[in-house]
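# Residue-level structure breakdown
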Amino acid sequence: MFALPRLLIPVESTPGETRVAATPDTVKKFISLGCSVLVERGAGTPSGYLDEAYAEQGADLIELGDTSAWNQADVLLCVQTPSATTLARLHQGALVVGLLSPYANEELTATLKRSGLSAMALELLPRISRAQSADALSSQANIAGYKSVLLASAALDRYFPMLMTAAGTVQPAKVVILGAGVAGLQAVATARRLGAVVYVSDIRPAVKEQVESLGARFIEPPEMDEKPSESGGYAKQASDAFLAAQRQQLSDQLAEADVAICTAQVPGRRAPRLISEDMLDRMRPGAVVVDLAVAQGGNCADTVPGQTVDRKGVKLIGGNDLPCSVPNHASALYARNLVALLEPTLKDGVLSLDPEDELIVGCLIAQDGSIRRGDVLTPGSN
């Protein structure tokens, strides 16, 4: 519990991270809720938010790495986890909130214990209706899905839409999207707006209606005795037999495709391999694959994080960290997620976490150095 809590917004230290955890608008909101806000100089610059704009809304600007300011902060709002050395500047009992990559994260576990910190990992926010406005994974996946289509259209050797010209008719591109989660559905909508013919493959038959409502065609899953579903709003891990049957089904679709966009991920697990070497061999030279799951092992063979690989004429784009390529809107949405999460905990200038609140209990991985989600942070250790 913190009376008149002091919030700290740091310069993100992860290489390539251009987002920031608060915008001038959300700083104004937090101050109206009784908080004081410290912002490291330059924190918002990569995403288009200047120091002066934060100061105008009432934030106190501090120098980068100001140890005394970090020690005064009660709550650290970050995008990605700062280093253990940096977190050690916080006082015991301070709260860290962000995308903390909690799965089997022994280093984070040790840091939280050693420094006596509390922490909320947004990856573990429960998929319930009242958590939607705080769902950072969805807000960022939406951007990744949008940007994946723009990358594909820029790399493709043909138009996306059908065009009728004096020289004849140009047929529309065929786009196959693997996975109909938030990123996949946004990719569908964006590809359709650009005029492509879109097909969607997903292990969950229940998403067919959503896919078709966006104007795409749903590829029915293979007929199996037991089909995968979802748990807590996320796709469950499919069996090896099911995935093998699905890959066989996809092979013919991909042989005719101009673009494939891979979005299939399972939280805390390696991404399922959906496009094999043999399937890539059947794709035409000039086709494009964008793999959004590349950082989790990849849905597609041979993709490399952050790189475009030319494989026998097929361009393989490792689409990790795509929200960082749209940092202004990505930061604005992420910052609003944090306000939605913390506003209910702030009453009369006091921040108090209710460990019985289902919104809090799922993502509160540590409290005052005591690990609450060892099943995620250190699975199998007990």
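Preceding this section is the structure that the text describes.
What follows covers the pairing of strand S2 (residues 6-9). Alignment of S2 against strand S3 (residues 36-40), held across 4 bridges, turns out to be parallel. Counted as the bridge partner of Ile 9 is Val 39 from S3. Once the chain exits S2 it traverses helix H1 (residues 24-32) before rejoining the sheet at S3, and the crossover so formed is right-handed. As defined by bridge partners, S2 adjoins strand S5 (residues 75-80) across 2 bridges and the pair is classed as parallel. Pairing of Leu 7 across the sheet is with Val 75, part of S5.

What follows concerns the sheet that holds strand S10 (residues 174-178). Strands sit in the order S12-S11-S10-S15-S16-S18-S17 across an open sheet of 7 strands; the sheet is mixed. For this open sheet the edge positions go to strand S12 (217-219) and strand S17 (308-311), each flanked by a neighbour on one side alone. Along the sheet, successive strands turn relative to each other by an average axial angle of 20°, direction set aside. Pairing of strand S15 (residues 259-262) with strand S16 (residues 288-291), which is carried by 4 bridges, proceeds in the parallel orientation. Its bridge partner being in S16, Ile 261 is matched across the sheet by Val 290. In the packing of helix H7 (residues 182-193) onto the sheet, the strands contacted are S10, strand S11 (197-201) and S15, and the crossing angle to S11 comes to about 165°.

Scoring rules and cut-offs
Residues numbered from 1 in each chain as written. Predicted model: local features only at pLDDT ≥ 70, side-chain atom pairs only at ≥ 80, totals over all residues. Heavy atoms only, no water. Pairing = 2+ DSSP bridges. Helix = DSSP H or I, 4+ residues; strand = E, 2+ residues; numbered from the N terminus. Right-handed = clockwise from strand over helix to strand, strands pointing away. Axes fitted to C-alpha atoms, helices over the stretch in contact; angles between N-to-C directions. Contact = heavy atoms within 4.5 Å.

Function cannot be read off these values alone, since they describe shape.
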